[in-house]
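Tertiary structure, described
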Amino acid sequence: MLGPVTVVIDGRRHRIPRAQTRGLLALMLLNLGRRISREGVIEAMWAGAPPSTARSQVHNAVTVIRGHLADLGAPDVLDSGPSGYELLVEPEQVDAARFDDGVRLAHDAAARGDHKEAVRLLRGALDLWTGEPLADATGAFVGAARARLVERRLTAVEDLADLELDLGRAEAVAAEIAPLVDAHPMRERLRVRQMTALYRSGRQVEALQSYRLYRNLLAEYEGLDPGREIAELERMILRADPVPAAAPVPAEPAPAAPALLPPDIPDFTGRDGPAGELHHLLTAGRPSSALAVAGVAGMGGVGKTTLAVHVAHLAAGAYPDGQLYANLRGAEAVALDPGDVLARFLRALGVDARAIPNDPVGRAEMYRTRLAGHRVLVVLDNAASEEQVRPLLPGAASCAVLVTSRARLTGVEGARWIDLDVFARAEAVRLFGRVAGEERVAAEPDEAAEIVRLCGGLPLAVRVAGARLTARPTWRLSHLSRMLRDERRRLDRLATGDLEVRASLALSYEGLKGEAKRLFRRLGRFDTPDFPAWLAGAVLEESADAAGLLESLVDAQLVAVSGVDAAGQIRYRFHDLVRLYARERADVEDPPGDRLEVLGGGFGGWLAIAERMAARVPGPCYAAISGSAHRPPVEMPPDDVEPLDWFDAERSALLSAVRQACAADLDEIAFDLAGCLEKYFDIRGMYGDWSATNRLVLAACRRSGNLLGEAVMLRGLIDVVTWNSTPDEGDATTRFHADAFKLLDMFDQLGERRGMSDAAVMCSWALTARGAQAQALAYGERALRLAGETGHLGGQARAHVALAVARAETRDVTEAIGHLDAALAAARALGNPRYETAVLQFLGIAYREAGELETSARMLGESLAISRRYRDVYTEVLTMVALSRLYLRHGDPRAREAAEASLALGREFNMSHHVADALGALGEVELAGGRPEQAVSYLEQSVAIWRKRGWLSFLATALYVLGQAYEASGDQPAADRVRGEAARILASLDTGR
């Protein structure tokens, strides 16, 4: 693919006939190891505008590929079936995959310091390129795929230049990259390498000329200044300073620039004036010190989003660091919260979900910091108010913002607004022709003019009318114009607000068959921003052709295809106003009780799949306790779909479903859906989402008197609140104790013995924290007994850990290790690697206390490896603290590094328990190193947090070590004071002996 798309057999290249067929082959090569559905292929090849023969064209192309390979004597490697297509070849048989592998090996060699080997590997990878990638293939996906491949090649060339410069080959680098700089004159990173090579070759004047050419090009075409790195390089050359060696090739590639823009509209028509003005505002019409904010205002359905997305694609080249997009849903009853949008933007910018602050102010500060010095375009579609927009404005003048709204948001400082009106007649006829067919418009020009007049020139209405004709090739335009005149009373209202949209949508709606109408009304009941195809079947259980009916809604322009998600599902969406219209029709035409039935069926479909997926997500070993919500039969995702990919794809829809279910008092579905999300939230570090979701559902269950749902939600809420937040008042363990015993009482009332086991484990932990070890052991034994009697293997693992922690507090290390061995066996029997990680870290700590340091190191190493495989920062932090103390026992200097790493991660992800522990470990390191003043600083912080945490033995230990630090620093009164407090705490503990 790194050139023309060809098949190579025995060293000879063979060209597959037809560019479109080569495009299909390239699509499958780009998706090795993944089956692509027929709908996914059609979307990739035609981007939402497939011809009526799309399916047959795909079938024919597959036949051609299979036949051509057979003619060449190649094996049949193209697997096809009802679920789609897959190419069964190994990665090493594809040049693009071999290129990526070579680059990866080069990164590894560079990380080892073997730059010569890294150069050899990179040159070998680059030698695979034979020209422009996918050069002779066609398909809607090709442009973006080609751009990604070219970007990977340029990055490899730049990495090679860095290595060659480090090896002193500046003259060769200058000669080799000169043609690429000419081909990509605006690529800053490549030009930095050229300037460095020229300067090191003694060609200072040429290096400065290269910079000035770049600066002039950037100013002329983009209206921007050069970045900080290249500007600093110019200053160094002017001062004749030595340019430092290039940074080593990174071990991991940088996150891809966000590209959240929806697809551009293929038949975009007219709007030349507004499009040109907006493009100028975004790219050149502003001073370099000011953030460019352009706004488009107009009535619903006038084409604000279409224009904004089109202009954003035109301007994207001026913002190489990415494009962010969000539909703020200002037309709906409840617009999106800007804090939620900020979280989505931060994830797109590469911020781990665990590091995103919970408060909106913190998110806005992180967002602006991330964008500082970068050129990013932000599109805020369908904004409701100035208050919604302001937190989403970048602080960097290098960025730009494009806003759409029904009204001018004049309170947005510095915004330049364009009012978008309906189409003039000529523009409307041109759009109508592009949708309905220009030859049909040419045959009946007067009728075409009459149709667009009756549509009031509103782009949405014109597009819907054209779509009706596209779906009915035998209709004459005069027939449609007569229909519109029959609707004259509604169309007369087009001059007054939203009624024009309603009338236009009615034209399309009335053309649907009965079942399609019913599906339209039922799908419109859901608040979800988008939905997968199976939802149609879930709300029409008795229909055998739900998929066909859904496609008829797409054909009628009432539902849009929004793309293919991470799980390989095609997703569909409603325009905001179309959804409102669907609900209006449902309120008029459907029985009063139909709404809850429809919502129950759809949410039940999500629940049926979520339960299956959640069972494969590693996480807390709670008992899977569910309610009586209906689970209709739905098409399950293929077995090869990763559960986390599915949850990633459905996250927004699931959260919306939970919110809507709560609002509709569908508490059974709400708590089941929320319960399925808990392990996903945990492994992704989405503690804010977890807490907010459980609180919302808990309140709904209380309103409905659903004690089981309330108990299940409280169980998860206790966990996330206790370990991932710090209370504003009181201490965490006091609240933990009260909530745990409340939970135990709730499950006891319900007679849910597995839940009682989970709650008893929490009670045991809370009692251990408060120093009541005898009671803690009793509740741990109770939890173990309940789990054993109910076959709750996860409960047995959790109970053994709770008993081990209680035993460790009483210094019964041997007993603790026995319980942990049993917990480890249970976690492995469950196939739950994340709980296995937790048990291993506790075993590592126990063996350290027992003096078996080699075994401790082995256990902690195993735990750390699993944590990092799953990107599980929570367990990683505690393991690093434990390793720090183990290293300190050995006098290993890595003790400081491990403690500092755990402190940084703990603070980043708001893990107050682990932060306190890490601060204590750092204090111990400083004290052992003879630096008592630094030790005091760390230990005082640790004590302050333990006071809020309320874990008495940890507080006493921290006070005792702080006393040692005070004494070593010469402050004996302070030492006596904290030691006395520690002694009083220890004396108050009930060790159970």
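Residues numbered from 1 in each chain as written. Predicted model: local features only at pLDDT ≥ 70, side-chain atom pairs only at ≥ 80, totals over all residues. Heavy atoms only, no water.

Scanning the chain for helices and strands turns up 44 helices and twelve strands. By principal-axis analysis of the C-alpha atoms, the chain measures approximately 100 × 85 × 65 Å. Across the 993 residues of the chain, 56% fall into the buried class. Put simply, the chain shows about 41300 Å² of open surface, and 51% of that area lies on carbon and sulfur atoms. (Helix = DSSP H or I, 4+ residues; strand = E, 2+ residues; numbered from the N terminus. Buried < 20%, exposed > 50% of the residue type's maximum accessible area, 1.4 Å probe, protein only. Areas by Shrake-Rupley, 256 points an atom, 1.4 Å probe, with all protein chains shown as cover.)

Glancing now at the pattern of salt bridges. Tallied over the full model, the rule gives 61 salt bridges. Note that Glu206 and Arg203 form a salt bridge whose closest N and O atoms lie 3.0 Å from each other. Ionic contacts of the salt-bridge type, sharing partners, join the residues Glu151, Glu158, Asp159, Asp162, Arg187, Arg189 and Arg193 into one network. (Salt bridge = Lys/Arg side-chain N within 4 Å of Asp/Glu carboxyl O.)

A word on the packing of aromatic side chains. In this structure the tally under the stated criterion is 21 aromatic pairs. Consider the rings of Phe520 and Tyr581, whose centres lie 6.3 Å apart with planes at 40°: the pair is tilted. In this pair, Phe520 sits in helix 23 (residues 514–523) while Tyr581 sits in helix 26 (residues 576–589), placing the two residues 61 residues apart along the sequence. Per residue, the accessibility class of Phe520 equals that of Tyr581, and both read buried. When the ring of Trp946 is compared with that of Phe954, the centres are 4.7 Å apart and the planes differ by 15°; the resulting orientation is stacked. Overall, Trp946 belongs to the buried group, its relative accessible area being 2%. An aromatic cluster of three or more residues is present, and its members are Trp723, Phe736, Trp765, Phe842, Trp946, Trp951 and Phe954. Taking NZ or CZ as reference, Lys517 lies 5.3 Å from the ring centre of Tyr509, over its face. (Phe/Tyr/Trp six-rings, centres within 6.5 Å; stacked < 30°, edge-to-face > 60°. Lys NZ or Arg CZ within 6 Å of the ring centre and 35° of its normal.)

A few words on the environment of His914. Along the chain, His914 falls in helix 41 (residues 912–928). With relative accessibility at 4%, the residue His914 sits in the buried group. Spatially, the C-alpha atoms of His914 and Lys513 are 61 Å apart, while their sequence positions differ by 401 residues.

As a further point, take helix 39 (residues 873–890). An ideal rise of 1.5 Å per residue puts 26 Å on 18 residues; helix 39 measures up with 25 Å between its terminal C-alpha atoms. Judged by how many residues are buried, helix 39 sits mostly within the fold: 15 of 18 residues are covered. Positive backbone phi, approximately 70°, marks Gly891, located one or two places after helix 39. (Expected span 1.5 Å × (residues − 1).)

Before going further, it helps to spend a moment on unusual backbone geometry. Within the chain, Arg18 stands out as a residue other than glycine whose phi angle is a positive 70°. Along the polypeptide, Arg18 turns up in the loop between strand 2 (12–15) and helix 1 (19–30). Although it is not a glycine, Leu134 sits at a positive phi angle of roughly 55°. Tracing the sequence through the fold places Leu134 in the loop between helix 5 (115–126) and helix 6 (142–166).

Right, let's get into the pairing of strand 7 (residues 377–383). Successive side chains on a regular strand alternate, one facing one side of the sheet and the next facing the other. Counting buried positions over the seven residues of strand 7 gives seven, a clear majority of the element. Here strand 6 (residues 323–327) runs beside strand 7; their pairing, made up of five bridges, is parallel. Counterpart to Leu324 in the pairing with strand 7 is Val378. Across five bridges, the pairing between strand 7 and strand 8 (residues 400–405) is parallel. When the bridges of strand 8 are listed, Val379 appears paired with Leu402. (Pairing = 2+ DSSP bridges.)

Turning our eyes to something else, we now look at helix 35 (residues 793–809). Owing to its 3.6 residues per turn, the α-helix brings residues three or four apart onto one side. An ideal rise of 1.5 Å per residue puts 24 Å on 17 residues; helix 35 measures up with 25 Å between its terminal C-alpha atoms. Counting buried residues along helix 35, twelve of its 17 residues qualify, which places the element largely inside the surrounding structure. Among all positions of helix 35, only Gly794, Gly795, Ala797, Arg798, Ala799, His800, Val801, Ala802, Leu803, Ala804, Val805 and Ala806 are buried. Those residues of helix 35 hidden inside the fold are in contact with helix 33 (753–769), helix 34 (773–790), helix 36 (813–830) and helix 37 (833–849). Positive phi shows up at Arg811, right after helix 35, with a value of about 65°. (Contact = heavy atoms within 4.5 Å.)

At a minimum axis distance of 9 Å, the contact between helix 42 (residues 932–949) and helix 43 (residues 952–968) shows a crossing angle of 155°. In terms of axis orientation, helix 42 runs roughly antiparallel to helix 43. Judged by the sense of rotation from one axis to the other, the crossing of helix 42 with helix 43 is left-handed. Between helix 42 and helix 43, the contacting residues are Pro932, Ala935, Val936, Leu939, Glu940, Ser942, Val943, Trp946 and Arg947 on the first element and Phe954, Leu955, Ala958, Leu959, Val961, Leu962, Ala965, Tyr966 and Ala968 on the second. When the residues that make up the contact of helix 42 with helix 43 are grouped by side-chain class, the tally is 15 nonpolar, one polar and two charged. (Axes fitted to C-alpha atoms, helices over the stretch in contact; angles between N-to-C directions. Parallel < 35°, antiparallel > 145°, perpendicular 65-115°, else oblique. Left-handed = near helix turned anticlockwise from the far one by under 90°. Nonpolar A, V, L, I, M, F, W, Y, C, P; charged D, E, K, R; others polar.)

The antiparallel open sheet is built from three strands, whose spatial order is 10-12-11. Each having just a single partner strand, strand 10 (531–532) and strand 11 (560–564) make up the two edges of the open sheet. The pairing of strand 11 with strand 12 (residues 570–573) spans four bridges and is classified as antiparallel. Looking at strand 12, one finds that Val561 is bridged to Tyr572.

Checked against the element boundaries, Glu234 lands in helix 10 (residues 228–238). For the buried residue Glu234, which engages in no salt bridge, the nearest side chain bearing the opposite charge is Arg212, 4.4 Å off. Aside from chain neighbours lying at most four places away, what touches Glu234 is Met195, Leu208, Tyr211, Arg212 and Arg215. (Lys, Arg positive; Asp, Glu negative; His and termini not counted.)

This part takes up the sheet that holds strand 5 (residues 292–297). Across a sheet, strands are paired by hydrogen bonds formed along the backbone, either parallel or antiparallel in direction. Ordered by their spatial adjacency, five strands build an open sheet running 6-7-8-5-9, and the pairing between neighbours is parallel. The two strands at the open ends of the sheet, each matched to only one other strand, are strand 6 and strand 9 (415–419). Between one strand and the next, the sheet's axes are offset by a mean angle of 15°, whatever the strand orientation. Its contacts with the sheet place helix 11 (residues 272–283) against strand 5, strand 7, strand 8 and strand 9, and it is angled at close to 160° to strand 5.

For the rest of this paragraph, the subject is the nonpolar core. If you look at the biggest cluster of nonpolar residues, it comprises 201 residues, and the most contacted ones within it are Phe520, Phe603, Trp606, Trp646 and Phe647. Looking at this core, the element that brings in the most residues is helix 28 (residues 643–663), giving eleven residues. Formed by 78 residues, the second largest nonpolar core is a distinct cluster that contains Val5, Val89, Leu134 and Ala156. (Core = buried A, V, L, I, M, F, W, Y, C linked by side-chain atoms within 4.5 Å.)

A separate point is the packing of helix 38 (residues 853–869) against helix 39. Close contact between helix 38 and helix 39 brings their axes to 10 Å; oriented N to C, the two are set at 155°. Here helix 39 runs roughly antiparallel to helix 38, going by the angle between their axes. Classified by chirality, the crossing of helix 39 by helix 38 is left-handed. Between helix 38, through Leu853, Ser856, Ala857, Leu860, Ser863, Leu864, Ser867 and Arg868, and helix 39, the contact on the second element is made entirely by Thr875, Glu876, Thr879, Met880, Ala882, Leu883, Leu886, Arg889 and His890.

Attention shifts here to the side chain of Ser902. By secondary structure assignment, the location of Ser902 is in helix 40 (residues 894–908). Setting aside its immediate chain neighbours within four residues, Ser902 contacts Val877, Met880, Val881 and Ala918.

So, about the environment of Ala987. Within the secondary structure, Ala987 sits in helix 44 (residues 972–988). We classify Ala987 as exposed; its relative accessible area is 65%.

We now examine the confidence of the model for the chain. Looking at the chain, pLDDT values average 86 and 93% of them are 70 or higher. Every residue in residues 247–253 is under pLDDT 50, and counting partners more than four places away or in other chains gives seven contacts. This model gives residues 487–501 a pLDDT under 50, and the stretch forms 24 contacts once residues within four places in sequence are excluded. (pLDDT = per-residue confidence, 0-100.)

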